[in-house]
Amino acid sequence: MADAKVIPFDDDRSRSGAARRRGVPPGGGRGPVAAGPAPVSALPGGQVPEGAAEAAGGAPQDGDAGSGSGWDRRIAGGLAFLRRRLTGDYDVDEFGYDKELTDQVLMSVLRPLADKYFRVEVKGIENIPSDGGALVVANHSGTLPLDGLMLQVAVHDNHPAERHLRLLAADLVFMLPVVNELARKAGHTLACAEDAERLLQGGEVVGVMPEGFKGIGKPFGERYKLQRFGRGGFVSTALRAGVPIVPCSIVGAEEIYPMIGNSKTLARVLGVPYFPITPTFPWLGPLGALPLPTKWTIQFGEPIPTDGYPPEAAEDPMLMFNLTDQVREQIQHTLYKLLVQRRSVFF
């Protein structure tokens, strides 16, 4: 299989391990990434293979408008997508982000979970700028990090510019087989200041959840109580990049896996931060890992600008502390407000 073309930044030093393993040289090909289904003309001769439309339940391609031609376009787009994957004729950036795969496959898998299962309601999406970099800072909860994935779908599907959220993930994510590759393909990268700053300066929307494992691993009795936000590294990164900080509050994720206990012995054996015990897991086996169908609300708050500060502000510990506290208080206040407005956990 041919290698995918890689879109580099200015140098080769920060190429991801995935890009380096593929042996892609610096300065690889640059080209647009397909943002949707390819037209029929994407196939040789511009035609759907004979009998393909009929086999899928659609009408033969005869030029008439209607449901048949819609199926023709879908089949043609799918076949063109498969051809590009098989020939390596697609683009990834130096972090391993595959926009075409994310748009056409990963988002399609996650969207039913967001729209039908959790019924995510999104508010304040206009607070994320239509272009340029922005840092979205959100609370973290739920025992398993499904909130990050739902946040990614919420930004992409609700923003007028269909912006993609590039999440900063913990080291553990990139140590797990399969999960590591999928995270890279979806645009996630290691939670380090260097990667975050490069993405922000490149005009990307970056998402960070400063609570980390303290947030998703907290007991059910402490739900919706924000944990420590660390030492304000995300504020320093936003100041250096000169991008706005957008606070984000997520309600509904806390109840999907009510964590009533933590087996620390099993956690040490498995090498994970915690081993959750819920009313259904591990008692019901794999069935106990099914999240509860809670009703979610994701609200993006007023952005906090950082471009008015001098360059040396990123090294001012007092300013970082104050801005970190401001972001945290805004998220916590919005969480309380959304909880008061919520009529039911599930409806």
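The text that follows walks through the structure, step by step, so that each part is easy to find. Because the structure is predicted, anything quoted here is derived from the model rather than measured. (Residues numbered from 1 in each chain as written. Predicted model: local features only at pLDDT ≥ 70, side-chain atom pairs only at ≥ 80, totals over all residues. Heavy atoms only, no water.)

### Considerations on the sheet that holds strand β11 (residues 297-300)
Hydrogen bonds along the backbone pair up the strands of a sheet, which may run parallel or antiparallel.
Alright, step 1. Here seven strands make up an open sheet; going across it, the order is β3-β11-β8-β4-β7-β5-β6 and the pairing mixed. Of all strands in the sheet, those bounded by a partner on one side alone are β3 (121-123) and β6 (189-190).
Alright, step 2. Pairing between strand β5 (residues 165-169) and strand β7 (residues 205-208): three bridges, direction parallel. Bridged to L167 within β7 is G207.
Alright, step 3. The strands touched by helix α5 (residues 146-158) within the sheet are β3, β4 (134-138), β5, β8 (245-251) and β11, with β11 carrying the most contacts at an inclination of about 65°.
Alright, step 4. The sheet contacts of helix α9 (residues 233-241) involve β4, β7 and β8, and relative to β4 the element is tilted by about 165°. (Pairing = 2+ DSSP bridges. Helix = DSSP H or I, 4+ residues; strand = E, 2+ residues; numbered from the N terminus. Contact = heavy atoms within 4.5 Å. Axes fitted to C-alpha atoms, helices over the stretch in contact; angles between N-to-C directions.)

### Observations concerning unusual backbone geometry
Note on backbone geometry: most residues besides glycine have negative phi, and most peptide bonds are trans.
Alright, step 1. Look at the link from F281 to P282: it is a cis peptide, with omega at 5°.
Alright, step 2. As for its position among the elements, P282 is in the loop between β10 (276-277) and β11.
Alright, step 3. Backbone geometry places V178, a non-glycine residue, at a positive phi of 70°.
Alright, step 4. Mapped onto the elements of the fold, V178 is located in the loop between β5 and α6 (179-185).
Alright, step 5. V178 sits in the exposed class, given a relative accessible area of 61%. (Buried < 20%, exposed > 50% of the residue type's maximum accessible area, 1.4 Å probe, protein only.)

### Considerations on α9
Alright, step 1. Every buried residue of α9 is listed here: F234, V235, S236, T237, A238 and L239.
Alright, step 2. As for α9, its buried residues are in contact with β4, α7 (193-201), β7, β8 and α11 (317-341).
Alright, step 3. Just downstream of α9 lies G242, where phi reads positive at about 70°.

### Examining the packing of α7 against α9
Alright, step 1. Viewed as axis vectors pointing N to C, α7 and α9 meet at an angle of 35°, and their least axial separation amounts to 9 Å. The hand of the α7/α9 crossing is right-handed. In this structure, α7 contributes A193, A196, E197, L200 and Q201 to the contact, and α9 contributes T237, R240 and A241. (Left-handed = near helix turned anticlockwise from the far one by under 90°.)

### Considerations on the packing of α9 against α11
Alright, step 1. Interhelical geometry of α9 versus α11 gives an angle of 105° and a closest axis separation of 9 Å. The angle between α9 and α11 places the two elements in the roughly perpendicular class. Contacts between α9 and α11 involve F234, V235, S236 and L239 from the former and L319, M320, L323, T324 and V327 from the latter.
Alright, step 2. Looking at side-chain class alone, the contact of α9 with α11 contains seven nonpolar, two polar and no charged residues. (Parallel < 35°, antiparallel > 145°, perpendicular 65-115°, else oblique. Nonpolar A, V, L, I, M, F, W, Y, C, P; charged D, E, K, R; others polar.)

### Side note on empty space enclosed by the protein
Alright, step 1. Counting across every chain of the model gives one cavity of 30 Å³ or more.
Alright, step 2. In this structure, the largest cavity encloses a volume near 60 Å³.
Alright, step 3. As for the largest cavity, its lining consists of 13 residues, and the residues nearest its centre are T143, K218, E254, Y257 and M259. (1 Å grid on protein atoms, 1.4 Å probe; cavity = no way out; pocket = protein on both sides within 12 Å on 5 of 7 lines; lining within 4 Å. Points joined across faces, edges and corners; volume = space filled by probe spheres on them.)

### Some details on the pattern of salt bridges
Alright, step 1. Going through the model one piece at a time under the given rule, you end up with twelve salt bridges.
Alright, step 2. Where R240 meets E315, a salt bridge forms, and the shortest distance between an N and an O atom there is 3.9 Å. Here the residue R240 occupies a position in helix α9, and E315 occupies one in the loop between β11 and α11, the gap between them amounting to 75 residues.
Alright, step 3. The class of E315 is exposed, set by a relative accessible area of 57%. (Salt bridge = Lys/Arg side-chain N within 4 Å of Asp/Glu carboxyl O.)

### What to know about the pairing of β7
Alright, step 1. Along β7, one buried face is formed by V205 and G207 and the opposite face, lined by V206 and V208, is buried too.
Alright, step 2. Across four bridges, the pairing between β4 and β7 is parallel. Within β7, the residue paired with L135 across the bridge is V206.

### What about the packing of aromatic side chains?
Alright, step 1. One pass over the full model with this rule turns up four aromatic pairs.
Alright, step 2. Summarising the aromatic geometry, the rings of F229 and F234 are spaced 6.1 Å apart at their centres and angled 75° between planes, so their arrangement reads as edge-to-face.
Alright, step 3. Relative accessible area serves as the criterion here: at 5%, F229 is assigned to the buried category.
Alright, step 4. Taking the centre distance of 5.9 Å and the plane angle of 40° together, the rings of F275 and F281 count as tilted.
Alright, step 5. Looking at F275, the relative accessible area reads 16%, which means it is buried.
Alright, step 6. Judged by relative accessible area, which is 23%, F281 ranks as partly exposed.
Alright, step 7. We note R85 situated over the ring of Y90; from NZ or CZ to the ring centre the distance is 3.7 Å.
Alright, step 8. Positioned above the aromatic ring of F220, the side-chain terminus of R223 is 4.1 Å from the ring centre. (Phe/Tyr/Trp six-rings, centres within 6.5 Å; stacked < 30°, edge-to-face > 60°. Lys NZ or Arg CZ within 6 Å of the ring centre and 35° of its normal.)

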